[in-house]
Amino acid sequence: MSAALKVLSVAPRAKHTATIIFVHGLGDTGYGWKPVADMFAGEMQHVKWVLPHAPTIPVTANGGMQMPGWFDIYEFGSINSREDEEGMLKTAHALNQLITAEVDAGIPADRILLGGFSQGAAMSLLTGITTERRLAGLAVLSGWLPIRTKVKAMMNDHAKKLPIFWGHGKMDPIVQYDRATMSLEYIKAQLGLNTLVSPDKVLEGGIEFHSYDFLPHSVDDKELADLKTFLKKVLPPRD
């Protein structure tokens, strides 16, 4: 994964002053999230979306089947299962390259938001709190905190000031709800982030957490509406 990631770019409809990098889940591609980028474009015309495509890798938990993935999964379900740390760090490096490309193109880091779903959410969280740059914020959809025993030493000082949207369905059978709540407990106790931030205070830093009662491993209209409200707050139009 040392080569630059292939991406789908959704161009802004007005002057480009902010970028959202959104990272898909296991088995998907960037095209899976283009409908969301298109849906939000009317109210966020200044935003360019960068939707990277994961490389195809064998996934152990799926019998070694080849599929798009950001890191290998050895077993589904357990928060304490063995993790593909090498794969995660390679992906974090690749996502940092995408951030660098946007900065080099003239978009300040604090006008770049990193988000994702499932595997992509885990990678966005890991990358966002360890990157040297202070981003505009993070969006974590149906995700968890990976390599949590290592991340404390990797975390950057600005992580505590980072606005983070986190949404998770209570009926999620893949990344179960308790993986989110256990991650949040660890983040609060060990990393020192505020995990109970109200939406009106999130720009000061911390996690704005939303749970969705009947939502499985997916997103729905309510979560997308909450996400859009957050995105408009952290990436307002700018001349």
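Since this is a predicted model, take the numbers as computed values, not measurements.

Conventions we followed
Residues numbered from 1 in each chain as written. Predicted model: local features only at pLDDT ≥ 70, side-chain atom pairs only at ≥ 80, totals over all residues. Heavy atoms only, no water. Helix = DSSP H or I, 4+ residues; strand = E, 2+ residues; numbered from the N terminus. Buried < 20%, exposed > 50% of the residue type's maximum accessible area, 1.4 Å probe, protein only. Contact = heavy atoms within 4.5 Å. Expected span 1.5 Å × (residues − 1). Arc of directions from axis to C-beta. Pairing = 2+ DSSP bridges. Axes fitted to C-alpha atoms, helices over the stretch in contact; angles between N-to-C directions. Parallel < 35°, antiparallel > 145°, perpendicular 65-115°, else oblique. Left-handed = near helix turned anticlockwise from the far one by under 90°. Nonpolar A, V, L, I, M, F, W, Y, C, P; charged D, E, K, R; others polar. Salt bridge = Lys/Arg side-chain N within 4 Å of Asp/Glu carboxyl O. 1 Å grid on protein atoms, 1.4 Å probe; cavity = no way out; pocket = protein on both sides within 12 Å on 5 of 7 lines; lining within 4 Å. Points joined across faces, edges and corners; volume = space filled by probe spheres on them.

**Student:** Could you clarify how one ought to interpret the environment of Val197 in this entry?
**Tutor:** Assignment of secondary structure puts Val197 in the loop between helix H5 (177-191) and strand S9 (206-212). On the accessibility criterion, Val197 (10% relative accessible area) is buried. For the pair formed by Val197 and Ile164, sequence separation is 33 residues and the distance between their alpha carbons is 9.2 Å. If we skip the residues at most four places from it in the chain, Val197 touches Val202, Gly205, Gly206, Ile207 and Glu208.

**Student:** Honestly, helix H2 (residues 85-104) in this entry has me stumped. Any pointers?
**Tutor:** An α-helical turn contains 3.6 residues, so any two residues separated by three or four positions project in the same direction. Between its first and last C-alpha, H2 extends 28 Å over 20 residues, near the 28 Å set by a 1.5 Å rise per residue. Listing the buried residues of H2 in full gives Gly87, Met88, Thr91, Ala92, Ala94, Leu95, Leu98, Ile99 and Glu102. The buried side chains of H2 occupy one side of the element, clustering within an arc of 165° when seen end-on. Looking at H2, the residues exposed on the side facing more than 90 degrees away from the buried face are Glu86 and Asp104. At its buried positions, H2 is contacted by strand S1 (6-10), strand S2 (18-23), strand S3 (47-53), strand S6 (112-117) and helix H3 (119-130).

**Student:** Can you walk me through the sheet that holds S3 in this structure?
**Tutor:** By definition, the strands of a sheet pair up through backbone hydrogen bonds, in either a parallel or an antiparallel sense. Taken together, the seven strands give an open sheet; going across it, the order is S1-S3-S2-S6-S7-S8-S9, and neighbouring strands pair in mixed fashion. Edge positions in the sheet fall to S1 and S9, since each of these pairs with one other strand and no more. Adjacent strand axes in the sheet meet at a mean angle of 15°, parallel and antiparallel pairs treated alike. Across the face of the sheet, H2 comes into contact with S1, S2, S3 and S6 while running at roughly 150° to S3. Each of strand S8 (163-169) and S9 touches H5; the most contacted strand, S8, lies at about 150° to it.

**Student:** What should I look at first to understand the packing of helix H1 (residues 34-41) against helix H6 (residues 221-234) in this one?
**Tutor:** Packed helices, taken two at a time, are described by the angle their axes make and the gap between the axes. It is at 11 Å that the axes of H1 and H6 come closest, and there the two elements cross at 60°. Relative to H6, H1 is oriented oblique. Between H1 and H6 the crossing geometry is right-handed. Across the interface between the two elements, Val36, Met39 and Phe40 of H1 pack against Leu224, Leu227, Lys228 and Leu231 of H6. A breakdown of the residues in the contact of H1 with H6 according to their chemical character gives six nonpolar, no polar and one charged.

**Student:** What is the right way to read the pattern of salt bridges from this model?
**Tutor:** A side chain of one charge can pair with a side chain of the opposite charge if their charged atoms are brought near each other. Tallying each qualifying case throughout the model produces eight salt bridges. One continuous salt-bridge network, built from bridges that share partners, spans Glu43, Lys228 and Lys232.

**Student:** Help me out: how do you make sense of the layout of surface pockets in this one?
**Tutor:** Empty space among the atoms becomes visible once a probe the size of a water molecule is rolled across them. The space that makes up the largest pocket amounts to roughly 270 Å³. If you go around the largest pocket, you meet 25 residues; those closest to its centre are Ile73, Phe76, Gln119, Trp144 and Arg179. Its residues assigned to classes, the lining of the largest pocket comprises 11 nonpolar, seven polar and seven charged.

**Student:** Help me understand the packing of H2 against H3, please; the structure alone is not making it clear to me.
**Tutor:** Taken N-terminus to C-terminus, the directions of H2 and H3 make an angle of 70°; their axes are 9 Å apart at the nearest point. The angle between the axes of H2 and H3 places the two elements in the roughly perpendicular class. Like other packed secondary-structure pairs, H2 and H3 cross with a definite hand, here right-handed. For the pair formed by H2 and H3, the contact residues are Met88, Thr91, Ala92, Leu95 and Asn96 on the first element and Met123, Leu126 and Thr127 on the second.

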